[in-house]
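Chain by chain, the residues run as shown.
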Amino acid sequence: MELSQNARIVLEKRYLKKENGQVIETPEQLLKRVAQNVAQADYNYQKSPEQVAEVEQGFFEIMDSLEFLPNSPTLMNAGNELQQLSACFVLPVEDSMEGIFDALKYAALIHKSGGGTGFSFSRLRPKHDIVRTTGGVASGPLSFMKIFNTATDVVKQGGTRRGANMAILRVDHPDIIEFIKAKKNKEEFTNFNFSVGITQSFMDAVVNSENYPLVHPKQGHVVEELSAQKVFDLLVEMAWDNGEPGIVFLDRINQDNPTPAVGDIESTNPCGEQPLLPYESCNLGSVNLSKFVRNQAIDYDRLKQVIHTAIHFLDNVIDMNQYPLPEVEQITKANRKIGLGVMGFADMLIQLGLPYQSTQAIQTAKDVMGFIRQEARNASNTLAEKRGMFPNFPNSIYQQASKHLPLRNATLTTIAPTGTLSILASSSSGIEPLYSIAFTRTILDGQKLVEVHPYFKELAEQKGFYSKELIERIARTGSVQGFNEVPQDIQALFVTAHDITPEAHVRMQAAFQEYTDNAVSKTVNFPHDATQDDISQAFILAYQLGCKGITVYRDGSRSGQVLSTSNTT
Ligand code: CDP
C-alpha cells in the first residue's frame, strides 16, 4: 500500500486497531482484516474455503492498490467487535413523545458505531399547536432538534468520529421560516446539516410568482399561505450568508425511488448523497479514478474488473453487517441498497489533459459514470442469478420495467464526498475539482510546511519552471491563475474549486447525477463577492438540470475562516 504521511496519521488516529491506546495492527493488516471479514459472506452462498480465500484475495488487492475503498465504518469496524459497517442511515421521527425519543436513542446508537443519521422532522406538529393529552402547547420541530444536537455532542462516537446529522423540513411545514433562519446563529445546531425539502409545486409557485400553502402535517389543513418568491429569497439569503440551509428536491428524489410501493423517501443521509426510506441504511464504496489512466486514456478493462469486485464486496457487507436495530436490518436486507461512487475524478482529468470546465470533461464524466452504472448493474445481475434478487424486487420499479434485469440491489451507485477516503488514497475528493495547487500546512510544533500537488510539481519540473519561491507564492491563494511563469495550458488544467464558475460546478454535478442511482455529493463554490442573485441562479439551474439537491458555499462566509486555502494539522 502506497501511503502518504497524512494517510498514515489518519489511519493511526482512527482506523488501526488499538489495545490500551496502543496501535496493534499495520495498514496491511487492516486491509487483511476487512477483506477476510467481508469475504466470509460468501459462505452463505455455498462457497468452499478455497473459493472464499480467492474472494478475500480479490478484495484485498483492489484495496491494497488503492483502486477501491469502502466507506470508513467498514474499514474501522469489519472484523472488530462493533462490526457496524454502514455510513448512512435515515430514521423516522413520529409525532409523539415516544416517537421522538425513540429516534433520539436510535441516533445515539448509530453515532456510537460510526454511522451518520438523516431525519425528516416534517411529521412533527408545528410550534404552539395543541397537545391533546396534556392541554399544553407543542414546542415544534426546532426545539426537539436542539436535543438531538446536544445528544450528538455527548456521544462523540466513542472516539472514532463526531456524529453527523441531516435535518430536513418540507418547505410547506408551518415552521419553515424558523427552520430556514435557524443556522444564522453559528453556535447552534453544529452537528447538523440543514436542508429544505423543496417540492415541485413550490418551484412552480416561485416561477409563477404565486403564494403557496403551509400545511398542518397531522391534520392536513392549510395553516397559512406565503409568497413562494419571498421564501425562496430568504433561503437564498441564508445560503449566501453562510452556506446553509441547502436544498433537496423531494419530488426529483422520489422519481428515482426504486420501491415506491414500500414507502416515500423523505430524507437523505448527512451529506445528502444517499436518499433512504425510514430505517433504511446503506454502505458506500468508491473507485479511485486516478488509478485508471494509462497512456492518457482510461483503462476500461481494469475499471470493469474493479467494479465487479467492488459490487461483490458491497453486497457482502450487507450480510456481514451488525445492525443497530431490527427495523434497520429488516428494510436494509429487503432492498439491499449499495452505493458505488468515485474519488480522484479531478486527478483523472489532469492525467487525461482535460480542464475541469471543458465540455470534454463533462463528456468524460458521463462516459465514466455511465460505464460504472452499467457494469455495476451487470455485476448485481450476476449476483442476483447466484444469490437471488433483493426481496422487494417484485414490489420495485424494475419489476414493472418492460425489459427488467433481475438485480441483487435496489440501488447501486452514489457519489460520496470521500472526505477521509481521499486522504487515505491521496486523491482528489469525490468529483470535486482540486481545492488548491499548493498550500501551507501548520504542523503541531508551529512549523510551516508548503505542500504542492504532485502532478503540478512533476510537470513544473519537467517544463523547467519549478521553483520554491513560485510554490510559496502559489500557496498564498492556492491558485495558479494569472501566474506568468506557468504556461497557459497548465493554468487551464490546474484549476481549483475557486477558479471554476458556479455554473460549471452545477453542470458537473448534473452530469454525474444523470448516471447515478442515488445522489451526488458536491459543493458549489462561489467567490466572496458573489451576489444573492448568483446563488439563486445556481439553485434554479440545479433544479432545471435534474440535480437531487444543491449545497453552496461562498468563500470566507463562515466565521473564523480567514483564508480558504490554509490548512492545519
Ligand atoms: O470518506 P468517508 O468514508 O469517511 O466518508 P464521506 O464519504 O466523507 O462521507 C460519507 C457519509 O459518511 C456521510 O454522508 C455521512 O453519512 C457519513 N459520515 C458521518 O457519519 N460522520 C462523519 N464525520 C463523516 C461522514
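What you see is a predicted model, and the numbers here were worked out from it, not measured in a lab.

### A short note on the overall build of the protein
Per the secondary structure count, the protein includes 21 helices and 21 strands. Radius of gyration (C-alpha) of the protein: 24 Å, near the 25 Å computed for a compact globule of 569 residues. Overall, the C-alpha framework of the protein stretches about 75 × 60 × 55 Å when taken along its three principal axes. Out of the 569 residues belonging to the protein, those deemed buried represent 56%.

### Details of the confidence of the model for the protein
Note that predicted coordinates carrying low pLDDT should not be read in detail. Per-residue pLDDT for the protein has a mean of 94; in total, 97% of the residues score no lower than 70. Taken as a whole, residues 560-569 scores under 50 in pLDDT and shows 23 contacts with residues more than four places along the chain or in a different chain.

### Quick word on helix H1 (residues 5-15)
By the burial criterion, the buried members of H1 are Ala-7, Val-10, Leu-11 and Tyr-15. Within H1, the buried residues cover an arc of 100° as seen down the axis, which keeps them to one side. Among the exposed residues of H1, those oriented more than 90 degrees off its buried face are Gln-5 and Lys-13.

### A short note on the packing of helix H5 (residues 97-112) against helix H6 (residues 140-155)
Here H5 crosses H6 at 25°, and the two axes come no closer than 10 Å. If you check the angle between H5 and H6, you find them roughly parallel. In terms of crossing hand, the pair formed by H5 and H6 is right-handed. Across the interface between the two elements, Met-97, Ile-100, Phe-101, Ala-103, Leu-104, Ala-108, His-111 and Lys-112 of H5 pack against Phe-144, Ile-147, Phe-148, Ala-151, Thr-152 and Val-155 of H6. Classifying every residue of the contact of H5 with H6 gives 11 nonpolar, 2 polar and 1 charged.

### Some details on the domain arrangement of the protein
Annotation of the protein at the domain level lists domain 1 (7-81 + 283-422), domain 2 (88-268) and domain 3 (436-495). Here domain 1 and domain 2 have C-alpha centroids that lie 30 Å from each other. Opposite the 22 residues of domain 1 that make contact, domain 2 presents 16 residues. Around 1,400 Å² of area is buried between domain 1 and domain 2 when both sides are counted, 67% of it from carbon and sulfur atoms. Summed over the shared surface of domain 1 and domain 2, the number is 0 salt bridges. Across the domain 1-domain 2 interface, the total number found is 2 residue pairs in polar contact (both at pLDDT 80 or more). Listed by contribution, the elements that provide at least two residues to the side of domain 1 that touches domain 2 are helix H4 (72-77), helix H12 (326-335) and helix H15 (397-400). Class assignment for the residues of the side of domain 1 that touches domain 2 results in 11 nonpolar, 8 polar and 3 charged.

Each value, and the rule that gives it
Counting restarts for each chain: residues are numbered from 1 in the order of the written sequence. Selection of residues for local features in this predicted model requires a pLDDT of at least 70, selection of side-chain atom pairs for listing and counting requires 80 or more, and totals for whole chains, interfaces and linings are taken over all residues. Side-chain figures throughout are based on the complete set of non-hydrogen atoms in the structure, without hydrogens or water. Labels follow the DSSP assignment, with helices taken as runs of H or I lasting at least four residues and strands as runs of E lasting at least two, numbered in each case from the N terminus. The globule rule is 2.2 Å times the number of residues to the power 0.38, and the radius of gyration it is compared with is taken over C-alpha atoms. Buried means the residue's accessible area, taken with a 1.4 Å probe over protein chains only, is under 20% of the maximum for its type, while exposed means over 50%, and partly exposed covers the values in between. Per-residue confidence from the prediction method is given by pLDDT, with values spanning 0 to 100. The contact criterion used throughout is that any non-hydrogen atoms of two residues lie within 4.5 Å. Our arc is simply the arc of the directions from the helix axis toward the C-beta atoms. The angle between two axes is taken between their N-to-C directions and runs from 0 to 180 degrees, where each axis is a line fitted to C-alpha atoms and a helix contributes only its stretch in contact. An angle counts as roughly parallel when it lies under 35 degrees, as roughly antiparallel when it exceeds 145, as roughly perpendicular when it falls between 65 and 115, and as oblique in every other case. Crossings are sorted by hand: turned counterclockwise from the far helix by less than a right angle, the near helix makes the crossing left-handed, and turned clockwise it makes it right-handed. Amino acids are sorted into nonpolar (Ala, Val, Leu, Ile, Met, Phe, Trp, Tyr, Cys and Pro), charged (Asp, Glu, Lys and Arg) and polar (every other residue, Gly among them). The split into domains, and so the bounds of each, comes from an automatic or database assignment of domains. We define buried area as the total accessible area lost by two parts upon association, computed with a 1.4 Å probe and summed across both. We count a salt bridge whenever a side-chain nitrogen from Lys or Arg sits within 4 Å of a carboxyl oxygen from Asp or Glu. Distance and chemistry together define a polar contact, namely a pair of N or O atoms within 3.5 Å, with one atom able to donate a hydrogen and the other to accept it when in protein, and with adjacent residues in sequence counting only for side-chain atoms on both sides.

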